[in-house]
Amino acid sequence: MAILIDAAGLQHRLEAGERTVLLDVRWVLGRTDGHSEYVAGHVPGAVFVDLPTELADHAQPSLGRHPLPSVARFQEAARRWGINDGDTVVAYDNSGSMAAARVWWMLRNAGVSSVYLLDGGLAAWRAAGNRVEAGEVTPDVGQVTLGDGAMATISEGEAARWHGGRLLLDARAGERYRGEVEPIDPRAGHIPGAVSAPTTANVTAEGAFLPAAELRERFEELGVGASSEVAVYCGSGVTAAHQIAALEIAGFEAALFPGSFSQWSNNDANPVAVGDQPFEAERLDGPSGTGSAAGSSVKA
């Protein structure tokens, strides 16, 4: 199933009058100017999607910073964006699809099969010489019916055991994985056993996804194989969706840990590893019952 559409492909659809619901998901952690940037200029016809309020429920320590909303709440939002059953949806942002991938994953999970990411986002659209428009777009209310469970997920408990013969990828920046800095979550570090795989390495400097062959090589170097059971987390389940998209482009499937590290680190019972190694639980104790993996330590 195709994931990406380029600027030329989207322009062709629009010129041909093919029904296309455009979603502008401009959001970056720590910034609140996504809507104002959208109003200043967006792909003609695009509807603004507010990630914190429409693609997430209220933050809860036990569920993370961006818990997935209920099916009913998400369906209400999708209808507000003008989506009907059978529609093709194209989502984009201006940050390498890092935010847009959240709505891509959620719509796929809800049973919408024809949903794409605009590769390279608004920057690619503009670079192709296409026009943008200013102002707000308020579409007619749609009638889409959404479900749940079409995409694989894992729970907090499963994340604790996932490293036992399976592969857990941490999509956050390397310095957050290593525990050198933590700007928002209560503890710094990573889930023991997780492998560092920053999402930013999935894209070019211009914000487009790397070619499938390069992505496949990247993930194979991280330990992903044809029969691997892979799960992904990030800070709050947003950029992890981007990692899942990149894995699919490369030919691999992966599950999402929706609560991600914001849920994990809020539970004091969960250990947190620091350093540049996965630090599997089995390696915490040496033959004498003490010791740890090189380059890592674990904090309860």
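Predicted model, so just to flag it, every value in this text is computed and none were measured. (Residues numbered from 1 in each chain as written. Predicted model: local features only at pLDDT ≥ 70, side-chain atom pairs only at ≥ 80, totals over all residues. Heavy atoms only, no water.)

**Side note on the overall build of the chain**
Thinking step 1. Along its length, the chain carries 11 helices and 11 strands.
Thinking step 2. Relative to its length of 300 residues, the chain is compact, with a C-alpha radius of gyration of 20 Å against a globular reference of 19 Å.
Thinking step 3. Each principal axis of the C-alpha atoms in the chain carries an extent, and together these give about 70 × 40 × 30 Å.
Thinking step 4. Expressed as a percentage of its 300 residues, the buried residues of the chain come to 51%.
Thinking step 5. For the chain, contacts bridging at least 24 residues in sequence account for 73% of all contacts bridging at least 6. (Helix = DSSP H or I, 4+ residues; strand = E, 2+ residues; numbered from the N terminus. Rg over C-alpha atoms; globule rule 2.2 N^0.38 Å. Buried < 20%, exposed > 50% of the residue type's maximum accessible area, 1.4 Å probe, protein only. Contact = heavy atoms within 4.5 Å.)

**Quick notes on the sheet that holds strand E2 (residues 20-24)**
Thinking step 1. On the basis of which strands lie adjacent, the open sheet formed by five strands has the order E1-E5-E4-E2-E3 and parallel pairing. Both edges of this open sheet fall to strand E1 (4-5) and strand E3 (47-48), since each of them pairs with a single strand only.
Thinking step 2. As defined by bridge partners, E2 adjoins strand E4 (residues 88-92) across five bridges and the pair is classed as parallel. Within E4, the residue paired with Leu 22 across the bridge is Val 90.
Thinking step 3. Each of E2, E4 and strand E5 (115-118) is contacted by helix H5 (residues 100-109), which is oriented at about 170 degrees to E5, the strand it contacts most. (Pairing = 2+ DSSP bridges. Axes fitted to C-alpha atoms, helices over the stretch in contact; angles between N-to-C directions.)

**Brief notes about the layout of surface pockets**
Thinking step 1. When its volume is computed, the largest pocket comes out at roughly 450 Å³.
Thinking step 2. Lining the largest pocket are 22 residues, and of these Trp 27, Leu 29, Met 98, Arg 176 and Thr 239 lie nearest its centre.
Thinking step 3. Each residue belonging to the lining of the largest pocket can be placed in one class, and the counts come to 12 nonpolar, six polar and four charged. (1 Å grid on protein atoms, 1.4 Å probe; cavity = no way out; pocket = protein on both sides within 12 Å on 5 of 7 lines; lining within 4 Å. Points joined across faces, edges and corners; volume = space filled by probe spheres on them. Nonpolar A, V, L, I, M, F, W, Y, C, P; charged D, E, K, R; others polar.)

**With respect to the side chain of Arg 187**
Thinking step 1. Tracing the backbone shows Arg 187 in the loop between helix H8 (174-178) and strand E7 (195-196).
Thinking step 2. Look at Arg 187: it is buried, it has no salt bridge, and the nearest opposite charge is Asp 268 at 4.6 Å.
Thinking step 3. Only 2.8 Å separates the side chain of Arg 187 from the backbone oxygen of Asn 267, close enough to count as a polar contact. (Lys, Arg positive; Asp, Glu negative; His and termini not counted. Salt bridge = Lys/Arg side-chain N within 4 Å of Asp/Glu carboxyl O. Polar contact = N/O pair within 3.5 Å; in protein donor to acceptor, adjacent residues only side chain to side chain.)

**Overview of the side chain of Arg 176**
Thinking step 1. As for its placement among the helices and strands, Arg 176 is situated in helix H8.
Thinking step 2. According to the relative accessible area criterion, Arg 176 is buried, its value standing at 12%.
Thinking step 3. Here Asp 185 takes part through its side chain, which lies 3.3 Å from a polar atom of the side chain of Arg 176.
Thinking step 4. Apart from the residues lying within four places of it in its own chain, the contact partners of Arg 176 are Leu 29, Arg 65, Val 181, Glu 182, Pro 183, Ile 184, Asp 185, Gly 189 and Gly 235.

**Some points on the pairing of E5**
Each regular strand carries side chains that alternate between the two faces of the sheet.
Thinking step 1. Across two bridges, E1 lies against E5 in parallel orientation. Bridge pairing links Leu 4 to Leu 117 in E5.
Thinking step 2. Strand direction decides the pairing type here: E4 and E5, joined by three bridges, are parallel. In the sheet register, Val 89 faces E5, and the bridge partner there is Val 115.

Everything listed is a geometric property; what it means functionally is a separate question.
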